[in-house]
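Results of the structural survey
Letter by letter, the chains look like this.
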Amino acid sequence: MARMTMIEAIRDAMDVVMSVNENVVVFGEDVGYFGGVFRCTQSLQEKHGKHRCFDAPINESGIVGTAIGMAVNGLRPCVEIQFADYMYPAYDQISQEASRIRYRSNGEFTVPMTVRMPTGGGIFGGQTHSQSPEALFTHICGIKTVVPSNPYDAKGLLIAAIEDDDPVIFLEPKRLYNGPFDGHHDRPIIPWSKHPLGETPDGHYTVPLGKAVIRRVGQDVTVLAYGTMVHVAEAATEETGVDAEIIDLRTLAPLDLDTIEESVRKTGRCVVVHEATRTSGYGAELSAIVQENCFYALEAPVTRVTGWDTPYPHAQEWAYFPGPARVGAALKRVMEAS
Amino acid sequence: MPADASAEASHSLNSNLKASKEELLKYYRDMLLIRRFEEKAGQLYGMGHIGGFCHLYIGQEAVVVGVEAVKRKGDQVITGYRDHGHMLACGMDPKGVMAELTGREGGYSKGKGGSMHMFSKEEEFYGGHGIVGAQVPLGVGLAFANRYREEKKVSFTYFGDGASNQGQIFEAMNMAQLWKLPAVFVIENNQYAMGTSVTRSHSETHLYRRGASFGIPGVEVDGMDVLAVREAARDAVEHARSGEGPFILEMKTYRYRGHSMSDPAKYRSREEVDEVRAHNDPIKRCEQRIIDADFADATALKTIDKEIKEIVLKSADFAMKSPEPALAELYTDVVI
């Protein structure tokens, strides 16, 4: 057991899997010698060799396409896209090749590939280094989409992802890399070493894909969140005094519908929170699912708190970011509705 | 071989190219199987038994058959959407291929893939890909895995002249050469990307030079002569297998039919097509070699044709009789 940052936990996950499975290779832009732009792959090349952890040219489509070829031919590539914002050239490969080869090969071939990418804002990255494109992945059938919110989950989920026989998109909220950021950007940074979920077991363990977890048990309203927004929702709950049940989805696809349904049936209210833009965001899917499955248990309309429908602004980053004040206001609003 | 081998160095119509009786008759038979299979597919399409898209390989048969001749067991093949010929050449069952075209349960993908999307683990065939050029990075990945396991296997990645303009081709070539991967790129230059000729879409029309900026050697090959294809492929595969890195083969070939089944063919003249059919047909040229060498007479070749037609008829029969996939198949083999 060790206290780790999310970066260390992610690195440890790759290290552990590379140690037990020689078919695992790790590559991407600046991933080998440099150790990754956020240092997630630091020391892996030294430890496992240049043939297993290496640099790729700056060509996202080529990186993912090559990884797919490796995966159908017996390897388990775990590739890094330096920022989720850079994945668009690879979207063709993800959406039309990786996700569909199982279906169109009658199950003969699968693509055991993990694509890691830092996601979300909060580091003044502006519009091309802050995006949250998860809905572009959940809209594709045939791939799994994972967003961890803490080091413990990040390690267990990443090991599960690399060992999974199907393609997994692994979105790492970059504002959480070094601490459990709750949206209060003007307060001192709390490190993971002061958070219980920074406690990360040594060696191999998995957190199952497709399973959500209840972060806070509550009676009055269900909050559906993932990644950074889990911590924001916790802060909002504390600040408003609303007895919210906070569900950390962890895996967006496949979705843990049972946990969601059970909670909403109990509370009768639901707030959906994400950092991505609002229109056609993953929150729209969550709202629809809750409405379809829990309509007669609902006492208030399902409410979304999201980023605005704008590019991620540089100067007004915190006006865009759906922080505790906006989430708190939504909690109060659904409690007042009747 | 130099990175920029000139066109003059390519294999032209050449009486120095020799093959044994068994070899030539095998190539003849394999090419004829593709030709007759595709003719039947065209018929079934016309009758409404095949729906959607169907890209026939007629005219290009010497390319896959010639390359197949130097392939070793375990080498992989991956290609684009004009894929029926590749599947037949690598030994996949015509019945399973035809039944995929008709969308039946007996097809390689139980009818869910269709003409452009079939695979076979047994024959190391990695698809059948409907997005122009998207298979090329995958072919490089196949080669990477071969090299990683220190196996002496080579991946053959086919794509067309149209695909050769896609950006990811260059990404793939750069990585293949950077990592010295055992990959052979086979550019099937049939001279038309759907309705756009090479001269109207390529600033450099010598496609064997596509890898020049990466230092990948390439040659232009008479893709209508199965023996020229075989000899060029032999050099390429030797280069790749020995650890020298990738190699590009530009196969100058021609497709007789339209790009797909709904192609008015206004972009070329009837005379142009007829000229190739009459004087440069890969099967006729192979036939000529057989006759010239006295390996078989016209009667014997007719017998082969009859046998092939029988195989194709049986595949069509199977493809018509195989049931449609059960509705439950809609949700098999997909992560949800």
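Above this text is the structure in question.
Here the structure is a predicted model, which is why all the values come from computation and not from measurement.

Side note on the side chain of Asp15(A)
Residues and elements named next belong to chain A.
- Counting through the fold element by element, Asp15 comes out in helix α1 (residues 6-20).
- Judged by relative accessible area, Asp15 falls into the buried class, the value being 16%.
- One polar contact links Asp15 to His48, side chain to side chain, over a distance of 2.7 Å.

Section: the sheet that holds strand β5 (residues 114-119) of chain A
Residue and element names in this part refer to chain A.
- A sheet is described by the order of its strands in space; here 7 strands give the open sequence β3-β2-β4-β5-β7-β6-β12, paired in mixed fashion. Edge positions in the open sheet fall to β3 (53-55) and β12 (251-253), since each of these has one partner strand only. Averaged over all adjacent pairs, the angle separating strand axes in this sheet is 20°, with direction ignored.
- In this sheet, β3 lies alongside strand β2 (residues 24-28) in parallel orientation, the contact comprising 3 bridges.

Some words on the pattern of salt bridges
- This structure, assessed with the given rule, holds 40 salt bridges over all chains.
- Lys155(A) serves as the salt-bridge partner of Asp12(A), at 2.6 Å between the closest nitrogen and oxygen. One end of the pair, Asp12(A), is in helix α1; the other, Lys155(A), is in helix α7 (residues 151-163), and 143 residues separate them in sequence. Summarising the burial analysis for this pair, Asp12(A) and Lys155(A) share the class buried.
- Taking the shortest distance from any N to any O, the salt bridge between Glu231(B) and Arg230(B) comes out at 2.9 Å. Arg230(B) carries the same exposure label as Glu231(B), and that label is buried.
- Each of Asp153(A), Arg215(A), Asp248(A) and Arg250(A) takes part in one network of salt bridges that share partners.

With respect to the interface of chain B and chain A
- Facing 41 residues of chain B, the contacting portion of chain A comprises 43 residues.
- Taken over both partners, the interface formed by chain B and chain A buries close to 3,400 Å², and the fraction arising from carbon and sulfur atoms is 61%.
- Together, Tyr148(B), Asp333(B) and Val335(B) form the three largest contributors to the area buried by chain B at its contact with chain A, with a combined 21%.
- Taken together, chain B and chain A are joined by 0 salt bridges.
- Applying the counting rule to chain B against chain A returns 17 residue pairs in polar contact (both at pLDDT 80 or more).

A look at the environment of Thr206(A)
Residues and elements named next belong to chain A.
- Position of Thr206 among the secondary structure elements: in the loop between β8 (199-200) and β9 (213-216).
- Judged by its relative accessible area of 38%, Thr206 is partly exposed.
- In this structure Thr206 touches Gly156, Ile159, Ala160 and Glu163, once residues within four positions along its chain are discounted.

Calculation notes
- Residues numbered from 1 in each chain as written.
- Chains lettered and ligands numbered in written order.
- Predicted model: local features only at pLDDT ≥ 70, side-chain atom pairs only at ≥ 80, totals over all residues.
- Heavy atoms only, no water.
- Helix = DSSP H or I, 4+ residues; strand = E, 2+ residues; numbered from the N terminus.
- Buried < 20%, exposed > 50% of the residue type's maximum accessible area, 1.4 Å probe, protein only.
- Polar contact = N/O pair within 3.5 Å; in protein donor to acceptor, adjacent residues only side chain to side chain.
- Pairing = 2+ DSSP bridges.
- Axes fitted to C-alpha atoms, helices over the stretch in contact; angles between N-to-C directions.
- Salt bridge = Lys/Arg side-chain N within 4 Å of Asp/Glu carboxyl O.
- Contact = heavy atoms within 4.5 Å.
- Buried area = accessible area lost by both parts, 1.4 Å probe.

Honestly, it's all geometry; don't read function into it.
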